[in-house]
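Overview (structure and organization)
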Amino acid sequence: MKHILIAKSDVNERYGDRLITAKKGEKIELSGAGAEIAMRSGHFDYGGEVSQAEAKAEKPAKTESASAKLGEKLNAAPDAAQPDSTAGKSGAEVK
Amino acid sequence: MQTAQSVFALGKLQTNYTTEVAIANDGFRQLVKEGYDKPVFSSPNVSNQGQSTGSPYATKISKDKDDVTFSGTERGTFQSLGFHAVGAFGVYATPSVVSAGAVWLHTFTLLNPFVSDILPCRPLASKIGEPAVSSNRIFDARFPSMVYSQIAFQAEGEQPDLQIASEWVGSGKRVIPAGVQFYGSGKDVLLDSEITENYIRKTSGVLTLNTAAALGGTDVLPGCDLRDTVIRINENLNLEAGYNGCALFQDDNPDMGAIRGSCRSKGQTVEFETTMVLTPDIVTNFDPVAKLYSGASISMKIVFTGALITGAYYHTATFTLNKAVLSNVELIDIDDGTQGIRLVTEPMAVNDTMPLSLAIQTDVADFNTYVG
């Protein structure tokens, strides 16, 4: 279940490892725990739940586009595909 | 005799415990190396002794949990104070603009464990070795997901300015080589010379005595002369609780132990101690026998001031201690004969009243991304 929150002002707030950023008037969607944390900051108005129909309709579209993008990337540069994006630079570059 | 060198650098805040930050140019902050001890990495083994193997002796040993700790002390600047506070306090409010484009006010508070019990974390890059010999003698590693286990802000002894002493614990994961370039073109670590920061110059305090009848604070004494002040946050990490759901960190390598998938706090606690010069005002308004005794409740502001930023705005850092119970009060000699009063508080837990907050007025716009 996701919730819609509307920022009352510009928000750039951290609660633990959760960083919440939004411009004034921007609507953000957060899951239960995130929404609770954001609401406690007092910077958001509650905009209701994301309806199940919307969520379902969005999901396949997202998956398709993501997989399509990934496919494009893989086709374009098969060697450049890095399973671990956090690997950073190779050891050879370290001086 | 060989020359050994070590350099350490802390990276930007991770978005969460299991997602590392991408290594970027100038994305790491080099630490004052003299003040920090080398990271201690451990990868212990456990034997199956005592289990029903039919043998009274261990027939097999297995890897246990990998771990890493790191600690050190550095002279605090207003900017480094924010850099440390954003991770050690846990909650960082939207900064307010004091003077557009020049001065911002940042507020840090402790985590309410009922809302979130996960502290922000950063990667640590460490390079230790003998550069004069050969490159393969350099131990070069990166430890992602380092979390504070304790931090102390102290102005004591021969160090009248603020010292920041911190202890860290990692997930146990290490990446070798670090993949972080310390020097040269395209480096990932800011050099000391590139970091323009402002040191803390003087300390002052405001003492409020909370009367038992109404814990609001009726007697207020500004301008306390403080010596030997220590504010300590103990993160009370639950180090055994994080061995679940560590998808990113899971590894099939039999030479590596288990690593944490999260690091949670059981609830932060705050300790405070200070020595105040016993001025006539304190004797009159805070009679050490009638009011400042063990068990009495105090509130206090400890203000650190530095250089001018712009206009009438100075760098300031204000720690607000809220409703602390004194555990120990004694009259002592300070500065070879002046009367002073030493106050030590009981550890304070986070509850409806936030025991400690920090407000920093400085020239940094956002400490969520600041490294130097």
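For the structure, see preceding data.
Residues numbered from 1 in each chain as written. Chains lettered and ligands numbered in written order. Predicted model: local features only at pLDDT ≥ 70, side-chain atom pairs only at ≥ 80, totals over all residues. Heavy atoms only, no water.

Turning to the overall build of chain A, a few remarks are in order. Per the secondary structure count, chain A includes two helices and five strands. Reading the secondary structure of chain A in the N-to-C direction produces β-β-β-β-α-β-α. Taken over 95 residues, chain A has a buried fraction of 25%. Taking as baseline every contact in chain A between residues at least 6 positions apart, the subset at least 24 positions apart corresponds to 54%. If you sum the accessible surface of chain A, you get close to 6,400 Å²; carbon and sulfur atoms cover 55% of it. (Helix = DSSP H or I, 4+ residues; strand = E, 2+ residues; numbered from the N terminus. Buried < 20%, exposed > 50% of the residue type's maximum accessible area, 1.4 Å probe, protein only. Contact = heavy atoms within 4.5 Å. Areas by Shrake-Rupley, 256 points an atom, 1.4 Å probe, with all protein chains shown as cover.)

Residue and element names in this part refer to chain B. The full count for this structure, using the stated rule, is 13 aromatic pairs over all chains. Relative to Y183, the ring of F182 lies with its centre 6.4 Å away and its plane at 50 degrees, an arrangement referred to as tilted. Classification of F182 by relative accessible area gives buried; the value is 0%. Taking the relative accessible area as the measure of exposure, Y183 reaches 40% and is therefore partly exposed. Ring geometry for F367 against Y370: centres 5.5 Å apart, planes inclined by 75 degrees, an arrangement best described as edge-to-face. Exposure remark for F367: the relative accessible area of 0% places this residue in the buried category. Grouping aromatic residues by their ring pairs yields a cluster made of F89, Y92, F108, F153, F304, F319, F367 and Y370. Above the ring of F83, the side-chain terminus of R29 is found at 5.1 Å from the ring centroid. The side chain of R122 reaches across the aromatic face of F83, ending 3.7 Å from its centre. (Phe/Tyr/Trp six-rings, centres within 6.5 Å; stacked < 30°, edge-to-face > 60°. Lys NZ or Arg CZ within 6 Å of the ring centre and 35° of its normal.)

Within soluble globular proteins, side chains that are nonpolar generally end up buried alongside one another. With 65 residues, the main nonpolar core has L81, F89, F153 and F319 of chain B as its most contacted residues. Looking at which element gives the most residues to this core, the answer is strand β11 (residues 139-155) of chain B, with seven residues. By size, the runner-up hydrophobic cluster in this structure holds 22 residues, among which are A22 and L30 of chain A together with C121 and V147 of chain B. (Core = buried A, V, L, I, M, F, W, Y, C linked by side-chain atoms within 4.5 Å.)

With that settled, the discussion passes to the sheet that holds strand β4 (residues 27-31) of chain A. All names here are of chain A. Spatially, the three strands line up as an open sheet ordered β4-β1-β5, and their pairing is antiparallel. The outermost strands of the open sheet, each flanked by one partner alone, are β4 and β5 (44-49). Along the sheet, successive strands turn relative to each other by an average axial angle of 35 degrees, direction set aside. Relative to β4, strand β1 (residues 2-7) runs antiparallel, the two sharing five bridges. Looking at the pairing, H3 lines up with L30 of β4. Here helix α1 (residues 32-40) sits on the sheet and contacts β1, β4 and β5; the angle it forms with β4, its principal contact strand, is near 125 degrees. (Pairing = 2+ DSSP bridges. Axes fitted to C-alpha atoms, helices over the stretch in contact; angles between N-to-C directions.)

All names here are of chain B. In terms of burial, strand β10 (residues 122-129) is largely enclosed, as eight of its eight residues are buried. The side-chain alternation of β10 yields two buried faces, one formed by R122, L124, S126 and I128 and the other by P123, A125, K127 and G129. Bridge count for β10 against β11 is six bridges, and the pairing is antiparallel. Residue pairing across strands places A125 opposite R142, the latter belonging to β11.

Attention now moves to the pairing of strand β1 (residues 5-11) of chain B. All names here are of chain B. Taking burial as the measure, the seven residues of β1 include six buried ones, the bulk of the element. Bridge count between β1 and β10: six bridges; the pairing is antiparallel. Within the sheet, the bridge partner assigned to S6 lies in β10 and is I128. Sheet topology note: the β1/strand β2 (residues 28-30) ladder contains three bridges and is antiparallel. The residue of β2 that forms the bridge with A9 is Q30.

A few words now on α1 of chain A. All names here are of chain A. Restricting attention to buried positions, one finds in α1 the residues G34, A35, I37 and A38. All buried residues of α1 lie within an arc of 165 degrees about the axis, which places them on one face of the element. Turning to α1, the residues buried within the fold contact β1, β2 (11-15), β3 (18-22), β4 and β5. (Arc of directions from axis to C-beta.)

Our focus in this paragraph is the interface of chain B and chain A. The partner chain A presents 20 residues to the 34 residues of chain B that form the contact. For the pair chain B and chain A, the summed buried area comes to about 2,100 Å², and 48% of that belongs to carbon and sulfur atoms. Seen at the junction of chain B and chain A, the total is zero salt bridges. Here chain B and chain A share nine residue pairs in polar contact (both at pLDDT 80 or more) between them. Listing elements by their share of the side of chain B that touches chain A, those giving two or more residues are β7 (90-92) and β11 of chain B. For the side of chain B that touches chain A, the leading source of residues is β7 of chain B, giving three residues. Residue composition of the side of chain B that touches chain A, grouped by class: 16 nonpolar, twelve polar and six charged. (Buried area = accessible area lost by both parts, 1.4 Å probe. Salt bridge = Lys/Arg side-chain N within 4 Å of Asp/Glu carboxyl O. Polar contact = N/O pair within 3.5 Å; in protein donor to acceptor, adjacent residues only side chain to side chain. Nonpolar A, V, L, I, M, F, W, Y, C, P; charged D, E, K, R; others polar.)

Position of E13 of chain A relative to the elements: it lies in strand β2. Here E13 of chain A sits buried without a salt bridge, and the closest side chain of opposite charge, R14 of chain A, lies 11 Å off (N-O distance). In this structure the side chain of E13 of chain A is engaged in a polar contact, spanning 3.2 Å, whose partner is the side chain of H43 of chain A. In this structure the side chain of E13 of chain A is engaged in a polar contact, spanning 3.3 Å, whose partner is the backbone nitrogen of T94 of chain B. In this structure, E13 of chain A is in contact with R18, L19, I20, S41 and H43 of chain A together with Y92, A93 and T94 of chain B, ignoring residues within four places of it in sequence. (Lys, Arg positive; Asp, Glu negative; His and termini not counted.)

Looking now at the pattern of salt bridges. Residues and elements named next belong to chain B. The final tally for this structure, using the stated rule, is 15 salt bridges over all chains. Linking D66 and R174 is a salt bridge whose minimum nitrogen-to-oxygen distance equals 3.1 Å. In this pair, D66 sits in the loop between β5 (61-63) and β6 (67-75) while R174 sits in the loop between β12 (163-169) and β13 (189-190), placing the two residues 108 residues apart along the sequence. For the salt bridge of D117 with R264, the shortest nitrogen-to-oxygen distance reads 2.7 Å.

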